[in-house]
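Observations on the model geometry
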Amino acid sequence: MRRVEYQLRGGQLLTEISTQAVSMNDNFTLELRESYVVVQLAPDFELTPTSLARHWAAVIEFCRVHNCTRVLSQATNPRRNLSTLDAYDSAKTIAGSKLPLKIACRWERYEPDEMTRFFQTVAANRGLEIEFFPITQLALQWLGIQEGAGNA
């Protein structure tokens, strides 16, 4: 496994490659598994326009560097502080990567609602697949990943 650390300096995303997983100021980590990326959001991660812009920039760069398009996002009790326009902009940002990403979200204590479905629709209209799952096994199946095949 390789570790990639990201920093923002002067608005520029810098990359340094080492080993293991990536830490983003304790807000989230990125880890490359055999055939997919695991994004672990910090407990009580707050979804805001700023946090999502940084998050999506790091996910896009990590996926480009590692030539990987399947992403498992994990979170516990994420909080959302977004307007409908913010959700629209966020969906446009991640879908605008031009990567054929497929993102499975396994977020504990998060109930997808109308804004979640709006975000998914905007993303889907731009070619990005994103779904929310109650258990990890279903998320991995949707991503086409078989547990125990060097992916755990």
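Not measured: the values here are computed from a predicted model.

What follows covers the confidence of the model for the protein chain. Model confidence for the protein chain is summarised by a mean pLDDT of 84, while 79% of its residues fall at 70 or above. Taken as a whole, residues 1–21 scores under 50 in pLDDT and shows 52 contacts with residues more than four places along the chain or in a different chain.

With that settled, consider helix 1 (residues 49–66). With 18 residues, helix 1 extends 26 Å between its outermost C-alpha atoms, agreeing within 8% with the 26 Å of an ideal straight helix rising 1.5 Å per residue. Taken residue by residue, helix 1 has Ser 51, Leu 52, His 55, Trp 56, Ala 58, Val 59, Ile 60, Phe 62, Cys 63 and His 66 as its buried positions. Trailing helix 1 by a residue or two, Asn 67 shows a phi angle of about 50°, which is positive.

A few words now on the packing of helix 1 against helix 2 (residues 84–95). Put simply, helix 1 and helix 2 touch, their axes get as near as 10 Å, and they point 10° apart. In terms of their interaxial angle, helix 1 and helix 2 are classed as roughly parallel. Side by side, helix 1 and helix 2 meet where Pro 49, Leu 52, Trp 56 and Ile 60 of the first sit next to Asp 86, Ser 90, Thr 93 and Ile 94 of the second. Among the residues forming the contact of helix 1 with helix 2, the class breakdown is 5 nonpolar, 2 polar and 1 charged.

Overall, the coordinates contain 2 salt bridges when judged by the stated rule. Between Glu 31 and Arg 33 there is a salt bridge, and its shortest N-O distance comes to 3.2 Å. For the salt bridge of Arg 80 with Asp 113, the shortest nitrogen-to-oxygen distance reads 2.5 Å. A residue pair is termed long-range when its members are at least 10 positions apart, and Arg 80 in strand 8 (residues 79–80) and Asp 113 in the loop between strand 9 (102–108) and helix 3 (114–124) qualify at 33 residues. Owing to a relative accessible area of 31%, Arg 80 belongs among the partly exposed residues under this scheme. By relative accessible area, which is 27% here, Asp 113 ends up partly exposed.

The next thing to look at is the pairing of strand 7 (residues 70–76). Along any regular strand, the residues point their side chains to alternate faces of the sheet. Burial runs high along strand 7: 5 of the 7 residues are buried. Pairing geometry for strand 5 (residues 37–41) and strand 7, over 4 bridges, is parallel. Bridge assignment links Val 39 to a residue of strand 7, and that residue is Ser 73. As paired elements, strand 7 and strand 9 share 7 bridges and run parallel to each other. Within the sheet, the bridge partner assigned to Arg 70 lies in strand 9 and is Lys 102.

With respect to the secondary-structure elements, Thr 48 resides in the loop between strand 6 (46–47) and helix 1. Residue class for Thr 48 comes out buried when judged on its relative accessible area of 17%. Filtering out sequence-adjacent residues up to four positions away, Thr 48 remains in contact with Asn 81 and Leu 82.

Reading guide: rules and limits
- Residues numbered from 1 in each chain as written.
- Predicted model: local features only at pLDDT ≥ 70, side-chain atom pairs only at ≥ 80, totals over all residues.
- Heavy atoms only, no water.
- pLDDT = per-residue confidence, 0-100.
- Contact = heavy atoms within 4.5 Å.
- Helix = DSSP H or I, 4+ residues; strand = E, 2+ residues; numbered from the N terminus.
- Expected span 1.5 Å × (residues − 1).
- Buried < 20%, exposed > 50% of the residue type's maximum accessible area, 1.4 Å probe, protein only.
- Axes fitted to C-alpha atoms, helices over the stretch in contact; angles between N-to-C directions.
- Parallel < 35°, antiparallel > 145°, perpendicular 65-115°, else oblique.
- Nonpolar A, V, L, I, M, F, W, Y, C, P; charged D, E, K, R; others polar.
- Salt bridge = Lys/Arg side-chain N within 4 Å of Asp/Glu carboxyl O.
- Pairing = 2+ DSSP bridges.

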